[in-house]
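# Inside the fold
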Amino acid sequence: MARRLRFNGTGSGEGSCPAIHEDLDSGEVIVHGPRLTAPDALAQLQHIDEDEIPIVVPRNTLIDFGPKERDAEPRIFTPEQFAKLFDNFQHSAWHLEMRGRYAVDEATDTYAQFVRDEAPTWDLTTPWSQGIRAKTEDGASVGRVRIVDDPPTTGQLYLLAHAEKNAALGEDICNMWRSDAERVILPDEDFWIFDSHIVAVCIFDDDDNLTGAELITEPARVNQYNRLRDVAQHYAVPYRQFAAQVAVKEA
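Since the structure is predicted, the reported quantities are computational estimates derived from the model, not experimental observations.

Before going further, it helps to examine the overall build of the protein chain. The number of helices and strands found in the protein chain is 10 helices and 11 strands. Along the longest, intermediate and shortest principal axes, the C-alpha atoms of the protein chain span 75 × 40 × 35 Å. Taken over 251 residues, the protein chain has a buried fraction of 41%. Pairs at least 24 residues apart make up 65% of the contacts formed inside the protein chain by residues separated by at least 6 positions. Of the roughly 14,700 Å² of accessible surface on the protein chain, 50% is carried by carbon and sulfur atoms.

So this is what it looks like as structure tokens:
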């Protein structure tokens, strides 16, 4: 069975060795870097077999990108505590949306209009809307990459339409087909990143209601999510371009 490897990071600004990868299934760590060849140094190594190759890795690379033990008890925020993160971020908020359905959307008047094939009447004066627009007008970056099934679910098509409201509030909205997300090994997790140092992994019940979020602040783990954000943003396309792709498929 082929390994599924995640690139954790490199200490080199040029993107070359040394670097650390992690096996997503076994948890094993793969490290590469310059080979140690000095005979006097090799003579000091213990428990090295003939088929093993010693390499040199800077200490900071291991500290920054090596896997860390997770807290025994995850930090879980209630929906109310989670909502306060949107009040407190200063520079950026970014969301990877992986789900086919969000129960909160289906409770809105605009969702009812959408499923009746009516043009939704977006309200830009709700507290959420005013809060996000205030952030973006002040220079903060707010963005999302939404993963879409083929064919899209009704909820995903609704969010594709809802992107018009998001954009009006100053958000950057992009989309990606789920097959492409799987190809670049994006996780099946729905999460927000705030100011690049706080991650909130959303928790849903069996009816697709948000029940809370796991708060992650440990630097090595946060760095992994920041990299996932970069991967998603690289491969996703602007929502208007994606909507045109969907229209062609449905024609």
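Once you've had a look at it, read on.
Once that is clear, we can look at the nonpolar core. Grouped together as the largest cluster of nonpolar side chains are 21 residues, with contacts concentrated most on Leu96, Val145, Ile147, Leu186, Phe191, Val199 and Tyr225. Those elements giving two or more residues to this core turn out to be β5 (92-97), β6 (141-148), β7 (172-177), β8 (191-194), β9 (198-204) and α9 (219-235). The element contributing the most residues to this core is α9, with five residues. Setting aside its immediate chain neighbours within four residues, tyrosine 225 contacts Glu189, Phe191, Ile193, Val199, Val201 and Ile216.

Attention shifts here to the pattern of salt bridges. Summed over all chains, the structure comprises 17 salt bridges. Residue arginine 101 is joined to glutamate 106 by a salt bridge in which the shortest nitrogen-to-oxygen separation is 2.7 Å. The class for glutamate 106 is partly exposed, based on a relative accessible area of 32%. Taking the shortest distance from any N to any O, the salt bridge between aspartate 208 and arginine 101 comes out at 2.7 Å. Taken as a pair, aspartate 208 in the loop between β9 and β10 (210-216) and arginine 101 in the loop between β5 and α4 (103-106) lie far apart in primary sequence, 107 residues in all.

If you check α9, its first and last C-alpha atoms are 25 Å apart, about what 17 residues at 1.5 Å a residue would give, namely 24 Å. All of the buried residues in α9 are Ala220, Arg221, Val222, Gln224, Tyr225, Asn226, Leu228, Arg229, Val231 and Ala232.

What the eight strands build is an open sheet, ordered β4-β10-β9-β8-β5-β6-β7-β11; its pairing is mixed. Edge strands, defined here as strands with exactly one partner in the open sheet, are β4 (75-77) and β11 (237-238). Bridge count for β8 against β9 is four bridges, and the pairing is antiparallel. Within β9, the residue paired with tryptophan 192 across the bridge is alanine 200. Of the strands in this sheet, β6, β7 and β11 touch helix α10 (residues 239-250), which is tilted by about 35° from β7.

What counts as what
Residues numbered from 1 in each chain as written. Predicted model: local features only at pLDDT ≥ 70, side-chain atom pairs only at ≥ 80, totals over all residues. Heavy atoms only, no water. Helix = DSSP H or I, 4+ residues; strand = E, 2+ residues; numbered from the N terminus. Buried < 20%, exposed > 50% of the residue type's maximum accessible area, 1.4 Å probe, protein only. Contact = heavy atoms within 4.5 Å. Areas by Shrake-Rupley, 256 points an atom, 1.4 Å probe, with all protein chains shown as cover. Core = buried A, V, L, I, M, F, W, Y, C linked by side-chain atoms within 4.5 Å. Salt bridge = Lys/Arg side-chain N within 4 Å of Asp/Glu carboxyl O. Expected span 1.5 Å × (residues − 1). Pairing = 2+ DSSP bridges. Axes fitted to C-alpha atoms, helices over the stretch in contact; angles between N-to-C directions.

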